[in-house]
Amino acid sequence: QNHPQSSSQFCTETMGRGAYQDAGGIARQAFHWDDGPEPHCGRKAAILKAHPEIKKLMGPCPYTKYQVFGVVSMQICLAFAAAKLPWAVLIPFAYLIGGAANCNLQLAMHEISHNLAFKGMFANRVLSIIANLPLGIPAAISFRKYHLEHHRYQGHDVVDVDVPCEWEGWFFVSAPRKLLWCMLQPAFYALRPVFTNPKPMLQMEAVNILVQIAFDLAIFKACGFKGLMYLVAGTLLGMGIHPTAYHFISEHCVFVEGYETYSYYGWLNAIMYNVGYHNEHHDFPNVPGSRLYKVKAAAPEFYDNLPYHTSWWKVYYEYLTRPDINPYARVKRAPTGTCENTPPTRGLSADADAPLFPHNRAARLTHRTRPRAVDATKKILKSE
């Protein structure tokens, strides 16, 4: 059976419902608004009913910690080596090697955010901070704080900060501007949550920042400015136009009308914790990346007819050249709750940690009524 892919070269018969039609050169001017629930909760229930054996795939992967320590050690060694390189060599080296390595660590942080390295939450938080070290920029704990809401409230206005802002959609419409948007992805990823859905700082978040500053100072003292820049440049360049950064676009950008999540089945999954199996991941966020391919193999009738990607460069090509694809090409829905009918709350963390600095009266009130919120959060975390 031929699987429908996202490329616009496929015709309506191949794609099924909502096939891409030529937009006549007119850029998309609004988000895809959907009144229904996100698709993953319902599909997960249907898959588990048909294939209860998938439950055996859930739980931590014992090999994640070894991969993290290996890549972190490699990056530290390469920082020492980069200190001796001329700038003309260091920058391409940081882009090609450092970018791929730090992307691997970013996706390790993503994996660990779902508690898929250890059974205990604290051990996972510590490992995520270790994985964060070669990135040069503290992000592990704050990423988790928002990422769990991306899963639980996919596409919900304001709450899901993975969805671009309104102004990003109307400004980044031409191919040159969309190229700039891709290059500035690190800035949007870091700053968008602060402006759209600010949250009080968590205790572990403060620890993450302090540990990262201490590590950066140690690298600077041991390897010099070039060694530190190798690590930071690898992070920033690797999140822009880079083979491993395609997933920022491919995962939820609407390439085929009617579908809001897309998997990538290609060789890059080998170094990216199988994040390309993104439909499978959103259906089962408590299955580690090392076993996601088994989910697809166990339930092919649920995945074989979904559009998917096979080439990272085609993702970039279509994003830059198709007028109907820009930051507006995302599904949004009103924040009315999840499949469990639990309404999202702006400013309330999805983490069980208490805020370190409640930054406003609403946050302080949330903190005072924390026990009930913590109980609800623990249920969320256990389900993931």
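Preceding this section is the structure that the text describes.
Residues numbered from 1 in each chain as written. Predicted model: local features only at pLDDT ≥ 70, side-chain atom pairs only at ≥ 80, totals over all residues. Heavy atoms only, no water.

J.: Provide a residue-level description of the overall build of the protein chain, including the pertinent values.
T.: When helices and strands are tallied, the protein chain shows 17 helices and 6 strands. For the protein chain, the proportion of its 384 residues judged to be buried stands at 54%. The long-range share in the protein chain, meaning contacts at least 24 apart out of those at least 6 apart in sequence, stands at 78%. Carbon and sulfur atoms make up 65% of the accessible area of the protein chain, which totals about 17200 Å². (Helix = DSSP H or I, 4+ residues; strand = E, 2+ residues; numbered from the N terminus. Buried < 20%, exposed > 50% of the residue type's maximum accessible area, 1.4 Å probe, protein only. Contact = heavy atoms within 4.5 Å. Areas by Shrake-Rupley, 256 points an atom, 1.4 Å probe, with all protein chains shown as cover.)

J.: Describe the packing of helix H8 (residues 175-183) against helix H15 (residues 312-321), and please don't skip the residues or the numbers.
T.: Their axes nearest at 8 Å, the elements H8 and H15 cross at an angle of 135°. As judged from the angle between their axes, H8 and H15 are oblique. Between H8 and H15, the residues in contact are Ala-175, Lys-178, Leu-179, Trp-181 and Cys-182 and Tyr-316, Tyr-319, Leu-320 and Thr-321, respectively. Classifying every residue of the contact of H8 with H15 by side-chain character gives 7 nonpolar, 1 polar and 1 charged. (Axes fitted to C-alpha atoms, helices over the stretch in contact; angles between N-to-C directions. Parallel < 35°, antiparallel > 145°, perpendicular 65-115°, else oblique. Nonpolar A, V, L, I, M, F, W, Y, C, P; charged D, E, K, R; others polar.)

J.: With reference to specific residues and values, describe the environment of Asp-162.
T.: Of note, Asp-162 is situated in the loop between helix H6 (140-152) and helix H7 (166-171). A relative accessible area of 18% places Asp-162 in the buried class. Separated by 26 residues in the primary sequence, Asp-162 and Phe-188 have C-alpha atoms spaced 9.4 Å apart. In contact with Asp-162, not counting residues within four places along its chain, are His-150, Tyr-189, Arg-192, His-252 and Arg-330. Among the polar contacts made by the side chain of Asp-162, one reaches the side chain of Arg-330 at a distance of 2.8 Å. (Polar contact = N/O pair within 3.5 Å; in protein donor to acceptor, adjacent residues only side chain to side chain.)

J.: So, the layout of surface pockets: which residues are in play, and what are the values?
T.: The calculated volume of the largest pocket comes to roughly 940 Å³. Contributing elements (two or more residues each) for the lining of the largest pocket: helix H4 (87-113), H6, helix H9 (185-196), helix H10 (203-238), helix H11 (247-250) and helix H12 (278-283). Of the residues forming the lining of the largest pocket, the biggest block, 7 residues, is contributed by H9. Classifying every residue of the lining of the largest pocket gives 22 nonpolar, 10 polar and 7 charged. (1 Å grid on protein atoms, 1.4 Å probe; cavity = no way out; pocket = protein on both sides within 12 Å on 5 of 7 lines; lining within 4 Å. Points joined across faces, edges and corners; volume = space filled by probe spheres on them.)

J.: How would you summarise the side chain of Thr-244 if you had to cite specific residues and measurements?
T.: Position of Thr-244 relative to the elements: it lies in the loop between H10 and H11. Only 2.8 Å separates the side chain of Thr-244 from the side chain of His-242, close enough to count as a polar contact.

J.: So what's going on with empty space enclosed by the protein? Residues and values would help.
T.: Left-over empty space is what a probe sized like a water molecule reveals as it rolls over the atoms. Considering all chains together, one arrives at 6 cavities of 30 Å³ or more under this definition. In this structure, the largest cavity encloses a volume near 120 Å³. Lining the largest cavity are 15 residues, and of these Asp-162, Pro-164, Trp-181, Phe-248 and Arg-330 lie nearest its centre. Taken together, the elements giving at least two residues each to the lining of the largest cavity come down to H9 and H11.

J.: Tell me about unusual backbone geometry, and name the residues and values.
T.: The backbone phi angle of Asn-115 is positive, close to 60°, even though this residue is not glycine. Here Asn-115 shows up in the loop between H4 and helix H5 (121-132). Owing to a relative accessible area of 13%, Asn-115 belongs among the buried residues under this scheme. Here Asn-274, not a glycine, exhibits a phi torsion of approximately 55°, which is positive.

Just distances and angles here, no functional claims.
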